[in-house]
Amino acid sequence: MIDDRIKAIKNFVRAGSRVADVGADHGYLSIELVRNGIAEKVIATEKNIHPFEALSKNFSKELVK
């Protein structure tokens, strides 16, 4: 699910950070940060409807259990 670009960005985030993922697209970075306990809190934003719908679907599928 995550590519090298997302892995590289993930490595810049310090543990316990609060992150704003502006232009989150499908939310893969945000999901990885939360799933791995790296970010304390993530706010993901997306202005375009199709990526936003994908982001919402991915969050529900991956983070809401």
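Each value, and the rule that gives it
- Residues numbered from 1 in each chain as written.
- Predicted model: local features only at pLDDT ≥ 70, side-chain atom pairs only at ≥ 80, totals over all residues.
- Heavy atoms only, no water.
- Core = buried A, V, L, I, M, F, W, Y, C linked by side-chain atoms within 4.5 Å.
- Buried < 20%, exposed > 50% of the residue type's maximum accessible area, 1.4 Å probe, protein only.
- Helix = DSSP H or I, 4+ residues; strand = E, 2+ residues; numbered from the N terminus.
- Contact = heavy atoms within 4.5 Å.
- Salt bridge = Lys/Arg side-chain N within 4 Å of Asp/Glu carboxyl O.
- Right-handed = clockwise from strand over helix to strand, strands pointing away.

**Student:** What's the story with the nonpolar core in this structure? I'm lost.
**Tutor:** Among soluble globular proteins, nonpolar side chains are generally buried collectively. The biggest cluster of nonpolar side chains holds 8 residues, and these are Ile-6, Val-13, Val-19, Leu-29, Leu-33, Ile-38, Ala-39 and Val-42. Among the secondary structure elements, those contributing two or more residues to this core are helix H2 (28–35) and strand S2 (39–45). With sequence-adjacent residues up to four places away left out, Ala-39 is seen in contact with Ser-17, Val-19 and Leu-33.

**Student:** Before we go on, may I ask you to explain unusual backbone geometry in this structure?
**Tutor:** Look at Asp-25: it is not a glycine, yet its phi comes out positive at around 60 degrees. Here Asp-25 lies in the loop between strand S1 (17–22) and H2.

**Student:** Got a minute to help me understand the pattern of salt bridges in this structure?
**Tutor:** Oppositely charged side chains can pair when the atoms bearing their charge come close. Counted by the stated rule, this structure contains 4 salt bridges. We note a salt bridge from Glu-40 to Arg-18, for which the minimum N-O separation is 3.2 Å. Here Glu-40 is found in strand S2, whereas its partner Arg-18 is found in strand S1, with 22 residues between them in sequence. In terms of burial, Glu-40 and Arg-18 fall into one category: exposed. In this structure, Glu-62 and Arg-35 form a salt bridge, with 2.4 Å as the shortest nitrogen-oxygen distance. One end of the pair, Glu-62, is in helix H3 (residues 49–63); the other, Arg-35, is in helix H2, and 27 residues separate them in sequence. Given a relative accessible area of 22%, Glu-62 falls into the partly exposed group. Here Arg-35 falls in the partly exposed class, since its relative accessible area comes to 39%. Salt bridges linked by common partners bring Lys-10, Glu-32, Arg-35 and Glu-62 together as one network.

**Student:** How should the pairing of S1 be read in this particular structure?
**Tutor:** Along S1, the buried face is formed by Ser-17, Val-19 and Asp-21; none of Arg-18, Ala-20 and Val-22, which line the opposite face, is buried. Following the chain from S1 across H2 to the adjacent parallel S2, one finds a crossover that is right-handed.

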